[in-house]
Amino acid sequence: MTTDRATPNRLGISHLMMLTTGIGIAFFVSRGIEHLRFPADAHYYNLASPSNVDALGMFIASIYGLCVTMFVIAIRDRDFWSSPGKTLALLFATMCLLNWSLEIIAATVTHVRMQTDLAFGTNDHRGFVLGIWYRDFAASVGYVACLPVLLWVVLKTRTQPVAWRIAWIGFLIFALLIIGDLHFGLRNQVGLTLRPWYFEIAIGIPICLLMLAVADSFARRRPMDWWTVLTAIPVASVWCVGIAIRLLG
């Protein structure tokens, strides 16, 4: 880290300030979505107030903010596709922007609809957005929408080491597994013991491949830039923390 003017290959104070700001904005957006959809949550889930701050949820929001900010910084670099960290930032920035955009759309639609009372005896369809339950809208649409980006990443990273290329394929497999569950009930095809852990196992595939790629870089003594260190380690940490919380809960 340096206090000099920030350059693409050196982590400077200006980078840290931008990353901190991005994480703060991510917290704000995450809580804003909770408040925006509260009228629907209060009606359908009988809540008296917006959901309390969830430590894991805030951790995930911080990763989103980190990756979006790093992607904004990195997008101007000519050697974008040579850095696994920049690629990972692109993937999570895409997931973040799609998720937040779709969550805001669903929350806004239901918020407006909740301002109008239904006539007696009328079926309540206000919680559905394009035929999808408002809380499932972002996931149902977002994972499908991110498939072109995942395929693009797999094609564009052919110059990266094999271990990292396999990790990007792992993210594509993860998206396909979630789409299979949301749209085709794939979760019901796995054993009863594994069924409650379907999402954790699905996201664990690319995360484990990611950790193996990092380990491979260390073993082969390949240099890793700060982009890779600041993205791969926090992303893997979120999965490990989530697993630990579920096991201890």
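Structure shown above.
Here's a quick rundown of the structure. Please read all numbers here as calculations on a predicted model, not as lab measurements.

### Overview of the nonpolar core
Ranked by size, the top nonpolar core spans 51 residues in total, and within it Leu88, Phe92, Leu150 and Trp168 carry the most contacts. Of all the secondary structure elements, the ones that give two or more residues to this core are helix H1 (13-36), helix H3 (55-74), helix H4 (84-113), helix H6 (147-156), helix H7 (162-184), helix H8 (198-219) and helix H9 (226-248). Those residues within four positions of Leu150 in sequence are excluded, and the remaining contacts are Leu91, Phe171, Leu172 and Ala175. Grouped together as the second largest cluster of nonpolar side chains are 8 residues, Ala40, Leu102, Ala106 and Phe137 included.

### Some details on the pattern of salt bridges
Summed over the entire model, instances satisfying the criterion amount to 10 salt bridges. Asp216 is the salt-bridge partner of Arg222, the closest N and O atoms lying 2.8 Å from each other. The exposure class assigned to Arg222 is partly exposed, which follows from its relative accessible area of 31%. The class for Asp216 is buried, based on a relative accessible area of 19%. By sharing partners, the salt bridges in this structure join Glu34, Arg37, Asp41, Glu103 and Arg135 into a single network.

### What to know about the side chain of Ser62
Within the secondary structure layout, Ser62 lies in helix H3. Here the side chain of Ser62 touches Phe59 through a polar contact of 2.5 Å, landing on its backbone oxygen. Residues within four places of Ser62 in sequence aside, it is in contact with Ile23 and Phe27.

### Observations concerning the packing of aromatic side chains
Applying the stated criterion across every chain, the model contains 14 aromatic pairs. Ring geometry for Tyr64 against Trp100: centres 6.1 Å apart, planes inclined by 85°, an arrangement best described as edge-to-face. Linking Tyr64 in helix H3 with Trp100 in helix H4, this pair joins segments that are 36 residues apart in sequence. Considering the side-chain rings of Phe80 and Trp81, the 5.1 Å spacing of their centres and the 80° angle between planes classify their relative orientation as edge-to-face. In this structure an aromatic cluster arises from ring pairing among Tyr44, Phe128, Trp133 and Tyr134. Positioned over the ring face of Trp197 is Arg246, at 4.4 Å from the centre of the ring.

### Structural notes on the packing of H4 against H6
What describes two packed helices is the angle between their axes and the distance between those same axes. Relative to each other, H4 and H6 sit at 175°, their axes nearing to 10 Å. If you check the angle between H4 and H6, you find them roughly antiparallel. The segment H4 lies against H6, with Thr87, Leu90, Leu91 and Thr94 engaging Val149, Leu150, Trp152 and Val153. Tallied by class, the residues present in the contact of H4 with H6 amount to 6 nonpolar, 2 polar and no charged.

Parameters at a glance
Residues numbered from 1 in each chain as written. Predicted model: local features only at pLDDT ≥ 70, side-chain atom pairs only at ≥ 80, totals over all residues. Heavy atoms only, no water. Core = buried A, V, L, I, M, F, W, Y, C linked by side-chain atoms within 4.5 Å. Buried < 20%, exposed > 50% of the residue type's maximum accessible area, 1.4 Å probe, protein only. Helix = DSSP H or I, 4+ residues; strand = E, 2+ residues; numbered from the N terminus. Contact = heavy atoms within 4.5 Å. Salt bridge = Lys/Arg side-chain N within 4 Å of Asp/Glu carboxyl O. Polar contact = N/O pair within 3.5 Å; in protein donor to acceptor, adjacent residues only side chain to side chain. Phe/Tyr/Trp six-rings, centres within 6.5 Å; stacked < 30°, edge-to-face > 60°. Lys NZ or Arg CZ within 6 Å of the ring centre and 35° of its normal. Axes fitted to C-alpha atoms, helices over the stretch in contact; angles between N-to-C directions. Parallel < 35°, antiparallel > 145°, perpendicular 65-115°, else oblique. Nonpolar A, V, L, I, M, F, W, Y, C, P; charged D, E, K, R; others polar.

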